[in-house]
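Structural overview for review
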Amino acid sequence: MEGKVVYQGPSKKGTSYIIRYPVMGDADEMWRYINKISKEKTFVTFQGEDVTLEYETQYLASQLQKIAIGQTVQLLVFVGEKLVGIAGIEMKDRTSAHEGVFGISIDSDFRGEGIGKTLMKVIIKEAEEKMPQLKIVTLGLFGDNPRACKIYENFGFVESGRTPKGILHKGNYVDHIYMHKTIRE
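Here's a quick rundown of the structure. These numbers were taken from a predicted model, which means no experiment stands behind them. (Residues numbered from 1 in each chain as written. Predicted model: local features only at pLDDT ≥ 70, side-chain atom pairs only at ≥ 80, totals over all residues. Heavy atoms only, no water.)

Turning our attention to the packing of helix 1 (residues 27–40) against helix 2 (residues 53–68). Taken N-terminus to C-terminus, the directions of helix 1 and helix 2 make an angle of 120°; their axes are 9 Å apart at the nearest point. Helix-helix and strand crossings are classified by hand; for helix 1 and helix 2 the assignment is right-handed. Along its contact with helix 1, which presents Ala 27, Asp 28, Met 30, Trp 31 and Ile 34, the element helix 2 presents Leu 53, Glu 56, Thr 57, Tyr 59 and Leu 60. (Axes fitted to C-alpha atoms, helices over the stretch in contact; angles between N-to-C directions. Helix = DSSP H or I, 4+ residues; strand = E, 2+ residues; numbered from the N terminus. Left-handed = near helix turned anticlockwise from the far one by under 90°. Contact = heavy atoms within 4.5 Å.)

Throughout the structure, instances matching the rule amount to 4 aromatic pairs. Seen in terms of ring centroids, Tyr 7 and Tyr 17 are 5.6 Å apart; in terms of plane orientation they differ by 35°. Their pairing is tilted. Remark: Tyr 17 occurs in strand 2 (residues 16–20) and Tyr 7 occurs in strand 1 (residues 5–10); sequence separation between them is 10 residues. Between the aromatic rings of Phe 102 and Tyr 152, the centroid separation amounts to 6.2 Å while the plane-to-plane angle is 90°, which identifies the pairing as edge-to-face. Highlighted residues: Phe 102 in strand 5 (residues 99–106) and Tyr 152 in helix 4 (residues 146–154), separated in sequence by 50 residues. For Phe 102, a relative accessible area of 6% translates into the label buried. (Phe/Tyr/Trp six-rings, centres within 6.5 Å; stacked < 30°, edge-to-face > 60°. Buried < 20%, exposed > 50% of the residue type's maximum accessible area, 1.4 Å probe, protein only.)

Attention now moves to the sheet that holds strand 7 (residues 158–169). Strand order in the open sheet formed by 8 strands is 1-2-3-4-5-6-8-7, and the pairing between neighbours is mixed. Of all strands in the sheet, those bounded by a partner on one side alone are strand 1 and strand 7. Pairs of neighbouring strands in the sheet enclose a mean axial angle of 20°, with direction left out of account. Both strand 5 and strand 6 (residues 136–142) contribute to a ladder of 3 bridges, which runs parallel. (Pairing = 2+ DSSP bridges.)

It is worth spelling out the nonpolar core at this point. Most often, soluble globular proteins keep nonpolar side chains buried together rather than apart. Residues Phe 102, Tyr 152 and Phe 157 are the most contacted members of the largest nonpolar core, which totals 45 residues. Tallying contributions element by element places helix 3 (residues 115–130) first for this core, with 7 residues. When sequence neighbours within four positions are dropped, the list of residues in contact with Phe 102 reads Ala 87, Gly 88, Ile 89, Met 120, Ile 123, Val 137, Thr 138, Leu 139 and Tyr 152. (Core = buried A, V, L, I, M, F, W, Y, C linked by side-chain atoms within 4.5 Å.)

For Lys 165, which is not glycine, the phi dihedral falls at a positive 55°. For Lys 165, the position within the fold is in strand 7. Its identity as a non-glycine residue notwithstanding, Lys 170 has a phi of 55°, on the positive side. If you trace the backbone, Lys 170 turns up in the loop between strand 7 and strand 8 (172–182). Residue Lys 170 is classed as exposed on the basis of its relative accessible area, which comes to 56%.

Of all 10 residues making up strand 4 (residues 82–91), 8 are buried, and the element is well covered by its neighbours. Relative to strand 4, strand 3 (residues 72–79) runs antiparallel, the two sharing 8 bridges. Bridge pairing in strand 4 places Leu 75 opposite Ala 87. By the bridge criterion, 7 bridges tie strand 4 to strand 5 in an arrangement that is antiparallel. Counted as the bridge partner of Gly 88 is Gly 103 from strand 5.

The structure is reproduced here in structure tokens:
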């Protein structure tokens, strides 16, 4: 799987991009990307923290091992040599071994081009094919992100609960919304 391209094409604005599986050589670019996303303090769990290259390298190595044994699917979006998006579905374990947790982020310079929607479609398809144990995909999102909630609903996700004021975002407590999508019965 390492480095396998699963999609390539233009965005709605004509930007040419590819979606592919990661390789160990992506650690530096993933490090740059996560620190950029963290500093934006958007709707991700990193809210301004700096991630070290060592941390990101270890994270990538563990992800590659999990991909090899069918415990995760992770895809990267590149415009040329620049990483502009990441998505993953990672399996839980034990009594929840049929549940995959979804996460996605897109670089602010490339949002609104349809790249995120394509990435979401592609990663769900890849997860269905590569992880036969996957029955349910779950995700959590910030209550002050109604745009994402609508997108997830359009992909068949339904709200399954929320924790009032479960997330501290930019100095305010907002609801933590939980959603799920059944992949197979």
